[in-house]
Amino acid sequence: KQDKKTTLTLLEKQWIENSKNKIIDISILNEIPVINYSGEGIFFDFINSLEENTSLEFNKVSYTIGQVPKTEYALKLVDKHNDNQILIYRDNYALFTKNKIKYTNPEEISGLVIGVLNSDLTDVNNYLNGANVTYKTFETIDELFTANLVEYNEEENADNSNYIDGIIVLKTTYLEDMLQSQKSFISYNITEYTKDYVLSLGSIDRLNIIINKYYKKWYNDNYAKSFSSHLLNN
């Protein structure tokens, strides 16, 4: 069945034919579980499918969180996607604790000492409005995870300024770090506090249309299976 939202026009097919010998640079945020980790994830499944079915070729340039992508076409982490970006995945913040306990609302978190990145403090405080908690801020994610691994003993660690009950970070982004610690449980999902993994489009209008159309088709046919498979692997 022909669908104008996913079916390429004759002009778009001609553009692909004329561009088969051109390599398109694309920056890909790496080491993100489920999304793209060591060349595997839902984004790589999409790009590989796009290449296979159009014969377009992408030069994949890897970069990590904190670095700036060097190409206009790029998989990026942004606060909220815009019209020139394709939403790939929406990640939310979560509270990880050492104890296997579930909280159903912010009020139940009251009394905890929670570690957060200094850059996230204002937003976390806003979204946990109503929770009477103490925040300890850290400049880097490594410092935050190191502090979270301190074993708490009421007598020995009562004055330990590094002690915290848990940390708040992006759930999927740092999923592997938390799973490997073997002492961390997702105790509360801050579903309203999110960030978006997006494919930023560039200045080639015809290519933008082709990618948009192909992603709509790929999303309907393959996204759920791809996501479930990579989440299970993690």
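Reading guide: rules and limits
- Residues numbered from 1 in each chain as written.
- Predicted model: local features only at pLDDT ≥ 70, side-chain atom pairs only at ≥ 80, totals over all residues.
- Heavy atoms only, no water.
- Pairing = 2+ DSSP bridges.
- Helix = DSSP H or I, 4+ residues; strand = E, 2+ residues; numbered from the N terminus.
- Axes fitted to C-alpha atoms, helices over the stretch in contact; angles between N-to-C directions.
- Contact = heavy atoms within 4.5 Å.
- Salt bridge = Lys/Arg side-chain N within 4 Å of Asp/Glu carboxyl O.
- Buried < 20%, exposed > 50% of the residue type's maximum accessible area, 1.4 Å probe, protein only.
- Phe/Tyr/Trp six-rings, centres within 6.5 Å; stacked < 30°, edge-to-face > 60°.

Trainee: Could you give an account of the sheet that holds strand β5 (residues 113-117), with specific residues and numbers?
Mentor: Strand order in the open sheet made by the 8 strands is β2-β1-β3-β8-β4-β7-β5-β6, with mixed pairing throughout. One side of each edge strand has no neighbouring strand; the edge strands of this open sheet are β2 (57-63) and β6 (134-138). Between one strand and the next, the sheet's axes are offset by a mean angle of 25 degrees, whatever the strand orientation. Pairing analysis gives 5 bridges linking strand β3 (residues 74-78) to strand β8 (residues 185-200), with the strands arranged antiparallel. Within the sheet, the bridge partner assigned to Leu75 lies in β8 and is Leu199. In the packing of helix α2 (residues 42-54) onto the sheet, the strands contacted are β1 (23-29), β2, β3, β4 (85-97) and β8, and the crossing angle to β2 comes to about 160 degrees. Against the sheet, helix α6 (residues 205-233) makes contact with β1, β4 and β8, and its axis sits at roughly 40 degrees relative to β4, the strand it touches most.

Trainee: Go over the pattern of salt bridges, please, and point to the residues and values.
Mentor: Opposite charge on two side chains permits pairing when their charged atoms draw close. Scanning the model with the defined rule gives 6 salt bridges in all. Across the pair Glu17 and Lys20 runs a salt bridge, and its minimum N-O distance is 3.0 Å. Look at Lys20 and you get partly exposed, because its relative accessible area is 30%. Measuring nitrogen to oxygen at the nearest pair gives 3.8 Å for the salt bridge that ties Lys195 to Asp79. Here Lys195, found in strand β8, pairs with Asp79, found in the loop between β3 and β4; they are 116 residues apart in sequence, far enough to count as distant. Judged by relative accessible area, Asp79 falls into the exposed class, the value being 57%.

Trainee: Which residues make up unusual backbone geometry, and what values go with them?
Mentor: A positive phi angle, close to 75 degrees, is found at Val34, a residue other than glycine. Turning to its location among the elements, Val34 is positioned in the loop between β1 and α2. What makes Val34 buried here is its relative accessible area of 1%. Positioned with a positive phi, Ser38 is a non-glycine residue whose angle comes to about 55 degrees.

Trainee: Provide a residue-level description of the packing of aromatic side chains, including the pertinent values.
Mentor: Summed over the entire model, instances satisfying the criterion amount to 13 aromatic pairs. Arranged with centres 5.0 Å apart and planes meeting at 90 degrees, the rings of Phe46 and Tyr215 form a pair that is edge-to-face. Here Phe46 is found in helix α2, whereas its partner Tyr215 is found in helix α6, with 169 residues between them in sequence. With a centroid separation of 6.4 Å and an interplanar angle of 5 degrees, the aromatic rings of Tyr223 and Phe227 are classed as stacked. You can see Tyr223 and its partner Phe227 sitting in helix α6, 4 residues apart, about one turn around the helix. Overall, the relative accessible area of 12% leaves Tyr223 in the buried class. An aromatic cluster is present here, built from Phe43, Phe46, Tyr89, Tyr214, Tyr215, Trp218, Tyr219, Tyr223 and Phe227 joined pairwise through their rings.

Read these as geometric descriptors, not functional statements.
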